[in-house]
Amino acid sequence: MVEAPAGAADLSAAAHVSALPLQVDLLQLPPEVPAPGAPALRGVLDRLFAHWLSLPDTAALVGSLVQKAKQSGGGGGPVGGAMLPSMMLQGGAAVPPLSPRSPRLSRRPSGVGSGQTHRSASPLRPATVRPSKEVIPQFYFQDGRPPPYEVKKQCISTVDQLFAGHSNGLRAQVIFEKIDKDSTGFVTRDAFLDFWVNSNLMSMDSATQVFTILKQQNRNYLTKEDFKPVLKDLLDNHPGLEFLKSTPEFQERYAETVVYRIFYCLNRIGSGHLTLRELKRGNLLSALRHADEEEDINKVLRYFSYEHFYVIYCKFWELDTDHDFLIDKENLIKYGNHALTYRIVDRIFSEVPRKFTSKVEGKMGYEDFVHFILSEEDKSTGPSQEYWFKCIDVDGNGILTHNELQFFFEEQLHRMECMAQEPVLFEDILCQLIDMIGPENESYLTLKDFRRCKLSGHFFNILFNLNKFMAFEARDPFLIRQMREEPSLTDWDRFARREYVRLAMEEDGEDASNASGDVWDESLESPF
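These numbers were taken from a predicted model, which means no experiment stands behind them.

**Focus: the packing of aromatic side chains**
Then comes step 1: Applying the stated criterion across every chain yields a total of 36 aromatic pairs.
Then comes step 2: Ring geometry for Tyr 260 against Tyr 366: centres 6.2 Å apart, planes inclined by 55°, an arrangement best described as tilted. Taken together, the residues span a long stretch of sequence, with Tyr 260 in helix α10 (residues 248-266) and Tyr 366 in helix α17 (residues 366-377) at a distance of 106 residues. Summarising the burial analysis for this pair, Tyr 260 and Tyr 366 share the class buried.
Then comes step 3: Look at Phe 389 and Phe 450: their rings are 5.8 Å apart centre to centre, the planes differ by 80°, and that puts the pair in the edge-to-face class. Of this pair, Phe 389 sits in helix α18 (residues 382-392) while Phe 450 sits in helix α21 (residues 447-451), and the two are 61 residues apart along the sequence.
Then comes step 4: Positioned above the aromatic ring of Phe 263 is the side chain of Lys 224, whose terminal nitrogen or guanidinium carbon lies 4.7 Å from the ring centre.

Rendered as structure tokens:
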């Protein structure tokens, strides 16, 4: 058999190579060049490829490849399969991956002919094994995480014991009105389990439980009305308030005062809507537990002390001379033996620190007075600082300037001169005020500066409460000793204790004078 000349073999191999699909991805064309599969470039690429094959270097390369294929002993297959490396036989599928390019330069490969293959089928790149899906357990429950089975079982057992022998249910008290939806006066076992266990209420934290029980349906806040069942149950069952059952009108006033104090401390924005977040941030729950455990209600200083209510109500009654349950400027100026300046009283009645609820122009109601007296007698609390800061901030820009401080101190200085007190220049007072607060910027003061300071009460007293200003300057040793002996008490607690003793002594004195007057009238009548 005559062996074909080398040139013929080379041409045969070149023809086979020309039949292979061109791997366009190797060209790395710039984005402005159209895809090679487009008709406009198909002929151009074919001519370029044919020209490359006709070059002398290409013929030498193809010849060397053919000789190497023959020497390796592979002659059993087709010519192209024996002479060309496996990279070219597989249509470029096993070529090494290109270096990563930006999405702007990347181009989807377009196969020429029908020999296009996927990179994922490359023998050099193993198939990617997808990891099995990890099942994430449920971590959010709209009504709270369901309690464990053992806890739920124990709760149901306790409920069964409570309802044993009461087929019609237990008599519902005021606090259980939400369960007794039909107002039957009884709470059945099934209704209680549905409310407490099936709704996951038992698995919630204490604050959320109280909030959910008290709030009205379809509301996400508490109002003053929502606390009425709690106060009614307290008045009906607490031994420290049993004496009030004979005076229902004072039961109502006591309940109102407690609710006003709760909203004063917790509802800082003054919207009248107490949110769950505000409830959790406050100390109401601990006060409720204390009231439930303590038989002497006066020892529950937070919110529920009857002595505190007595002081607030009697102070209001003293100022309300016509007893219409409203007080005006002239009434309030008498507070604390004319302690306040006219300018600060004008600011209060302009409703700058708080809008009045009395709905009568120029008149302050009982709820407004509760907020005033709590702010006046303890100026170190957050609500009190906000109250008086708004009063001093005349232009309402959120900062207190030296001019605003001087405006309020001018009347204090005039009152000191009228009382033959040694006047203090404002420049000296200003240095003292700045040293008290220690502001970040000495040219003005912000509410944030007061929050960091423990002497905010003295700051405000210097500006508009002459009696407390003079007491502070005198450094009353009796008050200093009281503060050291009972550091846990607040300024309000100390004030309420002193006032309650004073009011009780005055009432006892009136009773004694009335009794002595009766004796005089009966046995010591004048002979004339």
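That covers the picture; the talk isn't over yet.
**Quick word on unusual backbone geometry**
Then comes step 1: Phi angles above zero are rare outside glycine, and Tyr 303 is one such case at about 75°.
Then comes step 2: By the secondary structure assignment, Tyr 303 is in the loop between α12 (284-293) and α13 (306-319).
Then comes step 3: According to the relative accessible area criterion, Tyr 303 is buried, its value standing at 4%.
Then comes step 4: Not every positive phi belongs to a glycine, and Glu 351 is a case in point at roughly 60°.

**Re the packing of helix α22 (residues 456-464) against helix α23 (residues 466-474)**
Then comes step 1: Two elements in contact, α22 and α23, have axes separated by 7 Å at closest approach and are oriented at 120°. If you check the angle between α22 and α23, you find them oblique. In this structure, α22 meets α23 at a crossing whose hand is left-handed. Residues His 458, Asn 461, Ile 462 and Phe 464 of α22 form the contact with α23, whose own contacting residues are Leu 466, Lys 468, Phe 469 and Phe 472.

**Things to note about the nonpolar core**
Then comes step 1: In this structure, Tyr 254, Phe 304 and Phe 372 are the most contacted members of the largest nonpolar core, which totals 87 residues.
Then comes step 2: Once you skip the residues sitting within four places of it in the chain, Phe 304 turns out to touch Leu 234, Tyr 254, Val 258, Leu 284, Ala 287, Leu 288, Ala 291 and Ile 297.
Then comes step 3: Ranked by size, the runner-up nonpolar core spans twelve residues in total, among them Phe 192, Phe 195, Val 197 and Leu 201.

**Looking at the confidence of the model for the chain**
Then comes step 1: When pLDDT is averaged along the chain, the result is 80; 77% of the residues meet or exceed 70.
Then comes step 2: Across residues 13-20 the pLDDT falls below 50, and counting only partners more than four positions away or on other chains, this stretch makes 15 contacts in the model.
Then comes step 3: Every residue in residues 75-95 scores below 50 in pLDDT, and together they form 32 contacts with partners more than four places removed in sequence or on other chains.

**Some thoughts on the side chain of Arg 261**
Then comes step 1: Here Arg 261 shows up in helix α10.
Then comes step 2: Buried charge Arg 261 goes without a salt bridge, the closest partner of opposite sign being Asp 493 at 5.5 Å.
Then comes step 3: Side chain to side chain, Arg 261 and His 308 meet in a polar contact 3.4 Å long.
Then comes step 4: Excluding anything up to four places from it in sequence, Arg 261 contacts Leu 301, Tyr 303, His 308, Ile 312, Val 370, Leu 374 and Trp 492.

**Some details on the packing of helix α20 (residues 426-437) against α22**
Then comes step 1: Here α20 crosses α22 at 160°, and the two axes come no closer than 9 Å. As far as their axial angle goes, α22 and α20 are roughly antiparallel. In this structure, the crossing between α20 and α22 has a hand that is left-handed. For the pair α20 and α22, contact is made by Ile 429, Gln 432, Leu 433, Met 436 and Ile 437 and by Ser 456, His 458, Phe 459, Ile 462 and Leu 463, respectively.

Cut-offs used in this document
Residues numbered from 1 in each chain as written. Predicted model: local features only at pLDDT ≥ 70, side-chain atom pairs only at ≥ 80, totals over all residues. Heavy atoms only, no water. Phe/Tyr/Trp six-rings, centres within 6.5 Å; stacked < 30°, edge-to-face > 60°. Helix = DSSP H or I, 4+ residues; strand = E, 2+ residues; numbered from the N terminus. Buried < 20%, exposed > 50% of the residue type's maximum accessible area, 1.4 Å probe, protein only. Lys NZ or Arg CZ within 6 Å of the ring centre and 35° of its normal. Axes fitted to C-alpha atoms, helices over the stretch in contact; angles between N-to-C directions. Parallel < 35°, antiparallel > 145°, perpendicular 65-115°, else oblique. Left-handed = near helix turned anticlockwise from the far one by under 90°. Contact = heavy atoms within 4.5 Å. Core = buried A, V, L, I, M, F, W, Y, C linked by side-chain atoms within 4.5 Å. pLDDT = per-residue confidence, 0-100. Lys, Arg positive; Asp, Glu negative; His and termini not counted. Salt bridge = Lys/Arg side-chain N within 4 Å of Asp/Glu carboxyl O. Polar contact = N/O pair within 3.5 Å; in protein donor to acceptor, adjacent residues only side chain to side chain.

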